[in-house]
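# Tertiary structure, described
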Protein chains: 2
Amino acid sequence: LSTVPAWLNGAPADGALLLSRGLHYGDGVFRTLLKYDGQLVDLKLQVIKLCHDASVLGLDVDQEVLRSEAEAAGAAADRAVVKLMLLRAGAGRGYRSDSRQADRLALCYPLPEYPAAHWRQGIAAFRSGIKLGRQPVLAGIKHLNRLEQVLGSRDWPEGAGEGILCDEQLMPVCGTRSNLFWVRGGRLHTPSLENCGVAGVMRDKVLACAAALGVPVEVAGRPWHELSEADEAFVTNSLVGIWPLRSLEQRSWTAPGSLTRKLMTALRHPLINSAMR
Amino acid sequence: LSTVPAWLNGAPADGALLLSRGLHYGDGVFRTLLKYDGQLVDLKLQVIKLCHDASVLGLDVDQEVLRSEAEAAGAAADRAVVKLMLLRAGAGRGYRSDSRQADRLALCYPLPEYPAAHWRQGIAAFRSGIKLGRQPVLAGIKHLNRLEQVLGSRDWPEGAGEGILCDEQLMPVCGTRSNLFWVRGGRLHTPSLENCGVAGVMRDKVLACAAALGVPVEVAGRPWHELSEADEAFVTNSLVGIWPLRSLEQRSWTAPGSLTRKLMTALRHPLINSAMR
C-alpha cells in the first residue's frame, strides 16, 4: 500500500496505517462506546459528538456510515467496548494537509469486568501530578493527542479508581478518562472545558438529567478546595456511567451521596443498573 | 497479530500498528534525519536526542540498535529523509501502561527538492494563528502529539516557506517545523523551550557554531516586536540547516544577513553548501 519503505523493529513492514497522519501526528479524533446486552449505548449521540470533533479538525464524515460501521464492529459481541477513530487521510510527510477526508478505524474490545463496589461504594481517586495545558482550539474535543492523559496516569496508586487532573491554576478539570462533578449545598458543579479537557457524552447526559430533576448546575472553573470540601463527588464516562468518589487525598465521603444516587437512577445506564440492583 | 477485531473503512483489517499506543495516544517520540550523498547527517546526535526524548516518556531504547536500523532504512537511497519513530509497546486499551518498551518504526522518504532560492534569498514567513499551549513536562521533546503544528499549518499563504508560532503571551517560539533565531545588534536570540516547542538538533548545532564564532547568545522568551525589528532572522531544522527569512508580515529583510551567512558557512550542512556554492 505504501511506496515509502518502512521497517518495524528492524523487519520490513507494510500496512495501511504506517503512514497514517493519525500515527504520525495524532491528527484525528475518537469516541468510545459501550455495547451491552446487544445494544450500542447512545450510538446516535456518540456519532454526533465524534462528527463535531472531526469538524473542529476540518474533517468531513458521514454519520450514517459511522453508525453502520459501529454496529458492524460490535456485531459479534453481546457486550463490548467499541472504539471509533477518525484519522485524517493522506500519506505525505509534513504537518500541512488540505485533506478533509478521514480514514475510519473501528475496534471491538472486550468489556472490562469492573467490581460492583465501584458503583455501590464508590472509588478512591488521587490527584495526578500533571497539569493540563491550555489550548482553547482543541479543548473539549476527543482528539488523538493524549500524552497528557498518559503522563497523568503514571504513578497510579494501588487500588485507585481514577486520577483527577488540574489545570495550570490548580483548578480541577476532569479525570484521566472521565469528566468530574461535585455537589455543594444542593448545587451540582462541573468544570468548564474552554481551555482543556474532553466533553464526554455522559457529561452531557448528566447535565440533562440534573436539569430534568430541577437541580441547579454551575459549569465553571473552581479552586481545588471546593472539590475537596464538596458534599458529594463523582466521575462520569460512557463505559461506566457514574462512579461516585469515596475518597480523594485526605477527604473521604460516604458514597454514593443522595444527589449522586438520584442521578445514577435517572441516567438509566445499563452498568449502573446492573451493579445497583 | 491482534486479538481485537478491527475494521478500516468498513473492511476487516489487521496490522502491527492497529493497536499501537502511538496511534491511539501519540505515545511516542520521533526524529527526522537527512541522508545526503550516502551519509546520514548527524546520526549520532539525532539518536542521542531521540533517546533523551524517549526517556522523558519513560521508554528504554538501545542507541546502537537505533543507529543500525537508521542506516538500514536509508541503505537503498543516496539522498533521503529517514524518520525514526519510537512507539510505546503494549496493545491494551487505556492510558495507563507500565511498559518501558518501544516499538521502533523507521521510514525512508524521498528528499524534497527545495529551491536554492530558499537559502540564497531566504523565505517568506507568516505568523500562524495558533498559540502554543504551555506544557513544561513535554516541552522541548519531539513527541507524536503534533496537532498544534497541524492546526498551525492551516491557512498557509501561497508562497510562504514557514509559519511562526507564538505562545499564549504572543512571544515567538518556533516555526511549524523549525526552530527560530534572530539577530539584534550583533547578538543572536532564540526562544527558550521551557514551556513549549521542540529542541531540534540543528538548534543545538547553531548555538554551538555561534559560541565557536564568539557571537553573544541569548536564549529567552521575547516579545514579538523584537523579532519583527530584528536585523536578521532565520529558521533551522535538520533537513534544510538554515533558511534565512526575507519577510514576515510587514517586515522584510535582505537575506541572508551577515551573521546568518557566517553561521550558514560554519554549519557545514550539505544542502546549504550545495545551494550557496
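Use the structure listed above.
This text gives an overview of the structure that appears in the document. Source: prediction; values computed, not measured. (Residues numbered from 1 in each chain as written. Chains lettered and ligands numbered in written order. Predicted model: local features only at pLDDT ≥ 70, side-chain atom pairs only at ≥ 80, totals over all residues. Heavy atoms only, no water.)

All right, on to helix α3 (residues 63-74) of chain A then. With twelve residues, α3 of chain A should reach 16 Å at 1.5 Å per residue; the first-to-last C-alpha distance of 17 Å fits that figure. Among the residues of α3 of chain A, L66, E69, A70, A73 and G74 of chain A are the ones counted as buried. Down the axis of α3 of chain A, the buried set is contained in an arc of 125 degrees. They therefore lie on one face. Buried-residue contacts for α3 of chain A involve β3 (28-36), β4 (39-40), α2 (43-56), β5 (80-88) and β6 (102-109) of chain A together with β1 (6-8) of chain B. (Helix = DSSP H or I, 4+ residues; strand = E, 2+ residues; numbered from the N terminus. Expected span 1.5 Å × (residues − 1). Buried < 20%, exposed > 50% of the residue type's maximum accessible area, 1.4 Å probe, protein only. Arc of directions from axis to C-beta. Contact = heavy atoms within 4.5 Å.)

Right, let's get into the packing of aromatic side chains. Residues and elements named next belong to chain A. Taken as a whole, this structure holds twelve aromatic pairs over all chains when the rule is applied. Between W119 and W243 the ring centres are 5.9 Å apart and the planes differ by 70 degrees, which places this aromatic pair in the edge-to-face class. On the criterion of sequence distance, the pair formed by W119 in helix α4 (residues 117-120) and W243 in strand β14 (residues 241-248) is long-range, its members being 124 residues apart. W243 gets classed as buried once you look at its relative accessible area, which sits at 4%. (Phe/Tyr/Trp six-rings, centres within 6.5 Å; stacked < 30°, edge-to-face > 60°.)

Let's shift gears to the pairing of β14 of chain A. Residue and element names in this part refer to chain A. With seven of eight residues buried, β14 is to be regarded as a mostly interior element. Here strand β7 (residues 123-132) runs beside β14; their pairing, made up of three bridges, is parallel. Within the sheet, the bridge partner assigned to A124 lies in β14 and is S247. Pairing between strand β13 (residues 232-237) and β14: four bridges, direction antiparallel. Paired with N237 across the bridge in β14 is G241. Bridge analysis of β14 against strand β15 (residues 251-252) gives two bridges, and the strand direction is antiparallel. By the bridge assignment for β15, L248 is matched with R251. The turn linking β14 back onto β15 is made up of two residues, and E249 within it adopts a positive phi angle of 50 degrees. (Pairing = 2+ DSSP bridges.)

With that settled, the discussion passes to the pairing of strand β3 (residues 28-36) of chain B. Walk down a regular strand and you will see the side chains alternate between the two sheet faces. Residues and elements named next belong to chain B. Most of β3 is tucked away: nine of the nine residues are buried. Burial of β3 is two-sided: the residues G28, F30, T32, L34 and Y36 facing one way and the residues V29, R31, L33 and K35 facing the other way are all buried. The pairing of β3 with strand β5 (residues 80-88) spans eight bridges and is classified as antiparallel. Following the sheet pairing, F30 is matched in β5 by M85. Between β3 and the antiparallel strand that follows it, strand β4 (residues 39-40), lie two residues; D37 among them carries a positive phi value of about 45 degrees.

A few words on the environment of L180 of chain A. All names here are of chain A. Within the secondary structure, L180 is located in strand β10 (residues 178-184). Its relative accessible area of 0% is what places L180 among the buried residues. For L180, the residues in contact, after removing those within four places along its chain, are I164, P172, V173, C174, H189, T190, P191, L227, F234 and V235.

Once chain A is rotated about the relating axis by 180 degrees and shifted along it by 0.0 Å, it coincides with chain B to within an RMSD of 0.0 Å. The transformation just described matches what one would write down for a two-fold rotation axis. (Least-squares fit on C-alpha atoms with pLDDT ≥ 70 in both.)

With that out of the way, let us pick up the sheet that holds β4 of chain B. Strand pairs in the sheet, formed through backbone hydrogen bonds, run parallel or antiparallel to each other. Read across the open sheet, the six strands follow the order β2(A)-β1(A)-β6(B)-β5(B)-β3(B)-β4(B); overall the sheet is antiparallel. Across the chains shown, the open sheet's two edge strands, defined by having one partner strand only, are β2 (11-12) of chain A together with β4 of chain B. When β3 of chain B meets β4 of chain B, the two strands line up antiparallel, connected through two bridges. Residue pairing for β4 of chain B: K35 of chain B is matched across the bridge by L40 of chain B. Of the strands in this sheet, β3, β4 and β5 of chain B are in contact with helix α2 (residues 43-56) of chain B, which crosses β3 of chain B at around 175 degrees. Helix α3 (residues 63-74) of chain B rests against β1 (6-8) of chain A together with β3, β4, β5 and β6 (102-109) of chain B of the sheet, and its axis sits at about 30 degrees to β6 of chain B. (Axes fitted to C-alpha atoms, helices over the stretch in contact; angles between N-to-C directions.)

One finds L105, W119, L188 and L263 of chain A together with L105, L188 and L263 of chain B to be the most contacted residues of the largest nonpolar core, which totals 183 residues. Setting aside chain neighbours within four positions, we find L263 of chain B in contact with L188, V206, C209, A210, L213, F234 and I242 of chain B. (Core = buried A, V, L, I, M, F, W, Y, C linked by side-chain atoms within 4.5 Å.)

For any two helices packed against each other, the geometry is given by the interaxial angle and the distance between the axes. Residues and elements named next belong to chain A. Put simply, α2 and α3 touch, their axes get as near as 10 Å, and they point 130 degrees apart. By the angle between their directions, the pair α2 and α3 is classed as oblique. Considering only the axes of α2 and α3, their crossing is right-handed. On the side of α2, the interface is formed by L43, K44, V47, I48, L50 and C51, while α3 contributes Q63, L66, R67, A70 and E71. Per-class residue counts for the contact of α2 with α3 are seven nonpolar, one polar and three charged. (Parallel < 35°, antiparallel > 145°, perpendicular 65-115°, else oblique. Left-handed = near helix turned anticlockwise from the far one by under 90°. Nonpolar A, V, L, I, M, F, W, Y, C, P; charged D, E, K, R; others polar.)

Residue and element names in this part refer to chain B. Between its terminal C-alpha atoms α2 stretches 20 Å, which fits the 20 Å expected from 14 residues at 1.5 Å a residue. Buried residues of α2: L43, Q46, V47, K49, L50, C51, D53 and A54, and no others. Considering only its buried residues, α2 is in contact with β3, β4, α3, β5 and α6 (201-212). Following α2 by one or two positions, G58 adopts a phi angle in the positive range, close to 80 degrees.

Purely geometric stuff here, so don't read any function into it on its own.
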